[in-house]
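# Results of the structural survey
If you want the building blocks of each chain, they are given just below.
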Amino acid sequence: GNGWQFGEKEGKGKLAVCVNQEPWQEFCVEPPCGQLNPVNPHVYTTLGKLYQDFFELFETDMFHMGGDEVNLNCWNSTEEIQEALRRQGKTGTEEELLELWKNFQDQAAEKVYAAAGKKLPLILWTNSLTEKGQVEKFLSNQEYIIQIWTTGQDAVIKELIDKDFKVIFSNYDAWYFDCGYSSWVGEGNNWCSPYKGWQIVYENSPKEMYRSQGGNPARESLILGGEAAMWAEQVDGAAVIHKLWPRASALGERLWTDPESSQTWKQAEIRMINHRNRLVERGIEADALQPEWCNQNEGLCYTKKN
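Here's what I pulled together on the structure shown here. Computed from a predicted structure; not experimentally measured. (Residues numbered from 1 in each chain as written. Predicted model: local features only at pLDDT ≥ 70, side-chain atom pairs only at ≥ 80, totals over all residues. Heavy atoms only, no water.)

## Overview of the state of the cysteines
As enumerated under the stated definition, the model contains 4 disulfides in all. One disulfide bridge connects cysteine 28 with cysteine 33, the sulfur atoms lying 1.9 Å from each other. On the sign convention where negative is left-handed, the bridge of cysteine 28 and cysteine 33, at about -65 degrees about the S-S bond, is left-handed. When its relative accessible area of 1% is taken as the criterion, cysteine 33 is described as buried. Cysteine 179 shares a disulfide with cysteine 192; S-S distance 2.1 Å. Because the sign of the S-S torsion sets the handedness, a value of about -110 degrees for the bond joining cysteine 179 and cysteine 192 places this disulfide among the left-handed ones. Of this pair, cysteine 179 sits in the loop between α8 (172-175) and α9 (198-202) while cysteine 192 sits in the loop between α8 and α9, placing them 13 residues apart in sequence. Neither cysteine 179 nor cysteine 192 differs from the other in exposure class; each is buried. With its bonded cysteines labelled in order along the sequence, the protein shows the pairing 1-4, 2-3, 5-6, 7-8. (Disulfide = S-S within 2.5 Å. Buried < 20%, exposed > 50% of the residue type's maximum accessible area, 1.4 Å probe, protein only. Helix = DSSP H or I, 4+ residues; strand = E, 2+ residues; numbered from the N terminus.)

## Points about the packing of aromatic side chains
Across all of its chains, the model carries 15 aromatic pairs by this definition. Note on tyrosine 176 and tryptophan 191: the rings are 6.2 Å apart at their centroids and 90 degrees apart in plane angle, and the pair reads as edge-to-face. Taken together, the residues tyrosine 176 in the loop between α8 and α9 and tryptophan 191 in the loop between α8 and α9 connect sequence positions 15 residues apart. Look at tyrosine 176 and you get buried, because its relative accessible area is 3%. In this structure tryptophan 191 comes out as exposed when scored by relative accessible area, which is 54%. Counting every residue linked through ring pairs, the aromatic cluster contains Trp125, Trp149, Tyr172, Tyr176, Trp191 and Trp231. Here lysine 243 stacks its cationic end above the ring of tyrosine 181, 3.9 Å away from the centre of that ring. (Phe/Tyr/Trp six-rings, centres within 6.5 Å; stacked < 30°, edge-to-face > 60°. Lys NZ or Arg CZ within 6 Å of the ring centre and 35° of its normal.)

## Concerning the nonpolar core
Most often, soluble globular proteins keep nonpolar side chains buried together rather than apart. Trp75 and Leu139 are the most contacted members of the largest nonpolar core, which has 66 residues in total. Element by element, the count of residues in this core is highest for helix α5 (residues 94-116), at 10 residues. In this view, tryptophan 75 contacts Val17, Gln35, Leu36, Pro38, Val70, Ile81, Leu97, Leu100 and Trp101; residues no more than four positions away in its chain are not counted. Counting residues in hydrophobic clusters, the runner-up holds 5 residues, among them Trp125, Cys179, Cys192 and Ala229. (Core = buried A, V, L, I, M, F, W, Y, C linked by side-chain atoms within 4.5 Å. Contact = heavy atoms within 4.5 Å.)

## So, the environment of aspartate 287
Looking at the element boundaries, aspartate 287 is found in the loop between α13 (265-281) and α14 (292-296). Overall, the relative accessible area of 31% leaves aspartate 287 in the partly exposed class. When the C-alpha positions of aspartate 287 and valine 19 are compared, they lie 38 Å apart, and in sequence the two are 268 residues distant. Non-local contacts of aspartate 287, meaning those with residues more than four positions away in its chain, are made with Tyr195, His242, Trp245, Pro246 and Arg276.

## Looking at the side chain of lysine 102
Tracing the backbone shows lysine 102 in helix α5. A distance of 2.8 Å separates a polar atom in the side chain of lysine 102 from a polar atom in the side chain of aspartate 106. If near-sequence neighbours (up to four positions away) are discounted, lysine 102 is found in contact with Lys137 and Phe138. (Polar contact = N/O pair within 3.5 Å; in protein donor to acceptor, adjacent residues only side chain to side chain.)

## Side note on the sheet that holds strand β5 (residues 144-148)
The strand order across the open sheet formed by 5 strands is β3-β4-β5-β6-β7, and the pairing between neighbours is parallel. A strand with exactly one partner marks an edge of an open sheet, and here the two such strands are β3 (63-64) and β7 (223-226). Sheet topology places strand β4 (residues 122-125) next to β5; 4 bridges connect them, and they run parallel. Its bridge partner lying in β5, leucine 122 is registered against tyrosine 144. Its contacts with the sheet place α5 against β3, β4 and β5, and it is angled at close to 145 degrees to β4. (Pairing = 2+ DSSP bridges. Axes fitted to C-alpha atoms, helices over the stretch in contact; angles between N-to-C directions.)

## Description of the environment of glutamate 80
Summarising the element assignment, glutamate 80 is placed in helix α4 (residues 79-87). Judged by relative accessible area, glutamate 80 falls into the partly exposed class, the value being 32%. Each C-alpha atom of the pair glutamate 80 and lysine 14 lies 9.0 Å from the other, and the pair is 66 residues apart in sequence. Residue contacts for glutamate 80: discarding those within four places in its chain leaves Lys14, Asn37, Val39 and Asn40.

## Description of the environment of alanine 229
Counting through the fold element by element, alanine 229 comes out in the loop between β7 and α11 (240-244). Judged by relative accessible area, alanine 229 falls into the buried class, the value being 7%. Taking the C-alpha atoms as reference points, alanine 229 and cysteine 294, separated by 65 residues in sequence, lie 29 Å from one another. Not counting chain neighbours up to four residues away, the residues in contact with alanine 229 comprise Trp175, Tyr176, Phe177 and Asp178.

Quick look at the structure:
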């Protein structure tokens with residue numbers, strides 16, 4: 001919401017609602033709150049200009065529209081939106097708010113197409129529109145690619161692929177690199193803890209996750225790949241490199257070669273240690289994985305099993 005307050009000064013009304021609203025827990029996932037106002041037509045003209053700027057700067061064959069962490073209570077507690085719903089004979093039920101979200105998404109998508117000068121694939125995170133049993137009511141598999149942030153056991157994985165949606169994996173239980181640090185809105189650890197070590201990153205196979213749910217091998221081509229996420233709440237320029245590397249290398253091998261399930265991280269461990277050392281030699285401040293003694297004595301750093 002912050003950054004959109006200029007609307008009222010320029011006669012465009014409230015472009016964003018719930019901006020900095022408290023208590024924040026009721027209106028957003030984390031502070032500061034604020035999200036776009038779907039009933040203000042000036043939102044769409046402003047988005048259209050932003051999208052034009054994007055396409056002037058970047059060449060792309062697809063476009064990510066976000067779509068995560070939309071707070072329906074924020075919309076439902078905003079007088080302007082309540083009034084718009086009342087004029088349509090609506091009361092603000094969850095179904096009506098999801099339909100409002102769909103209308104927003106449809107209009108924003110048209111602005112993307114206009115700015116790009118063509119229709120191109122759009123990406124959305126898994127969200128309330130993609131939940132079990134209802135994705136086809138709100139989104140077209142001809143227009144949208146769904147990026148999965150929920151766990152690798154989420155039943156929506158199979159549902160999306162079986163309904164012919166192309167998908168990108170970023171399941172937080174393996175590929176969220178900002179997990180495992182202290183909480184920043186309280187005590188204890190952050191929400192997606194524990195830390196995701198390179199071994200977990202390496203063994204997170206999108207195809208295996210789909211297969212484990214009884215997926216059809218003929219549909220595996222709908223899995224476009226994956227992406228690690230390093231959200232910025234607890235990382236800045238001073239820390240980002242060693243938080244990303246060398247774990248991102250484990251992700252790279254998983255996505256590029258997708259080793260068979262019989263090839264575990266153990267077969268990759270010595271290569272991974274050597275690769276980390278190469279990164280450091282090249283000036284990349286990759287995080288340490290083992291004591292140097294382990295690198296000097298290959299195969300001796302392991303846990304005994306009785």
